[in-house]
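# Chains, contacts and geometry: an overview
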Amino acid sequence: QVQLVESGGGLVQAGGSLRLSCAASGRTFSIYAMGWFRQAPGKERQFVAAINWSGVSTYYADSVKGRFTISRDISKSTVFLQMDSLKFEDTAVYYCATSNLSGSRYAHEYVYWGQGTQVTVSS
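Presented here is a report on the structure given in the accompanying data block. (Residues numbered from 1 in each chain as written. Predicted model: local features only at pLDDT ≥ 70, side-chain atom pairs only at ≥ 80, totals over all residues. Heavy atoms only, no water.)

### Some points on the side chain of Thr98
Turning to its location among the elements, Thr98 is positioned in strand S9 (residues 92–99). Discounting residues that sit within four places of it in the chain, Thr98 has contacts with Val2, Leu4, Ile31, Ala33, Met34, Tyr110, Val111 and Tyr112. (Helix = DSSP H or I, 4+ residues; strand = E, 2+ residues; numbered from the N terminus. Contact = heavy atoms within 4.5 Å.)

### Details of the packing of aromatic side chains
Applying the stated rule across the entire model yields five aromatic pairs. Arranged with centres 5.0 Å apart and planes meeting at 80°, the rings of Phe37 and Tyr110 form a pair that is edge-to-face. Here Phe37 is found in strand S4 (residues 33–39), whereas its partner Tyr110 is found in strand S10 (residues 110–113), with 73 residues between them in sequence. Residues Phe37 and Trp113 carry aromatic rings whose centres are separated by 5.1 Å and whose planes lie at 55° to one another, so their mutual orientation is tilted. Note that Phe37 is positioned in strand S4 and Trp113 in strand S10, a separation of 76 residues in sequence. The buried category is assigned to Phe37, whose relative accessible area is 1%. (Phe/Tyr/Trp six-rings, centres within 6.5 Å; stacked < 30°, edge-to-face > 60°. Buried < 20%, exposed > 50% of the residue type's maximum accessible area, 1.4 Å probe, protein only.)

### Points about the sheet that holds strand S8 (residues 78–83)
One key point about sheets: their strands pair by backbone hydrogen bonds, in either a parallel or an antiparallel sense. With respect to topology, four strands assemble into an open sheet ordered S1-S3-S8-S7, the strand pairing being antiparallel. Two strands close off the open sheet at either side, each with one partner strand: strand S1 (2–7) and strand S7 (68–73). With direction set aside, neighbouring strand axes in the sheet form an average angle of 15°. Judged from the six bridges that link them, strand S3 (residues 18–26) and S8 form a sheet pairing that is antiparallel. Each residue of the ladder has a partner; that of Ala23, found in S8, is Thr78. (Pairing = 2+ DSSP bridges. Axes fitted to C-alpha atoms, helices over the stretch in contact; angles between N-to-C directions.)

### Focus: the nonpolar core
Counting 34 residues, the largest nonpolar core has Trp36, Leu81, Met83 and Tyr94 as the members making the most contacts within it. Listed by contribution, the elements that provide at least two residues to this core are S1, S3, S4, strand S5 (46–52), S7, S8, S9 and strand S11 (117–122). Sorting elements by how many residues they give to this core places S5 first, with five residues. Apart from residues no more than four positions distant in its own chain, Leu81 is found in contact with Leu18, Arg19, Leu20, Trp36, Val48, Ala49, Phe68, Thr69, Ile70 and Tyr94. (Core = buried A, V, L, I, M, F, W, Y, C linked by side-chain atoms within 4.5 Å.)

### A short note on the pattern of salt bridges
Opposite charge on two side chains permits them to pair, given that their charged atoms come into close proximity. Inspection of every chain in the model, using the stated rule, returns three salt bridges. For Asp90, the salt bridge identified is with Arg38, shortest N-O distance 2.9 Å. Taken together, the residues span a long stretch of sequence, with Asp90 in the loop between S8 and S9 and Arg38 in strand S4 at a distance of 52 residues. The burial state of Asp90 is the same as that of Arg38; both residues are buried. (Salt bridge = Lys/Arg side-chain N within 4 Å of Asp/Glu carboxyl O.)

This is how it looks when you write it as structure tokens:
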């Protein structure tokens, strides 16, 4: 099993920045990729970004390209999501997850999920 704990969410004004962290523990050797998803009230869970655990390949949703950056620290088994130029429409609960595949954009391909962290952007 893999346990994931997100942190770094909060309230920020439009145009501001937040950095989310997701620390993994347990059977981290089984992780092939990690991703970030978000879900706003009344909407489906949406892919945000993903990164290959063993490499540097990254993938982004069109809505966040140029504003969000995903990265990872292998030694700390942690993935980060740097969010810049935040918009009101970025408001959602953000979840990190692990996948047995690389670069997946589909939630059903992720096995373990964190509890989520709330990001609220005020206008």
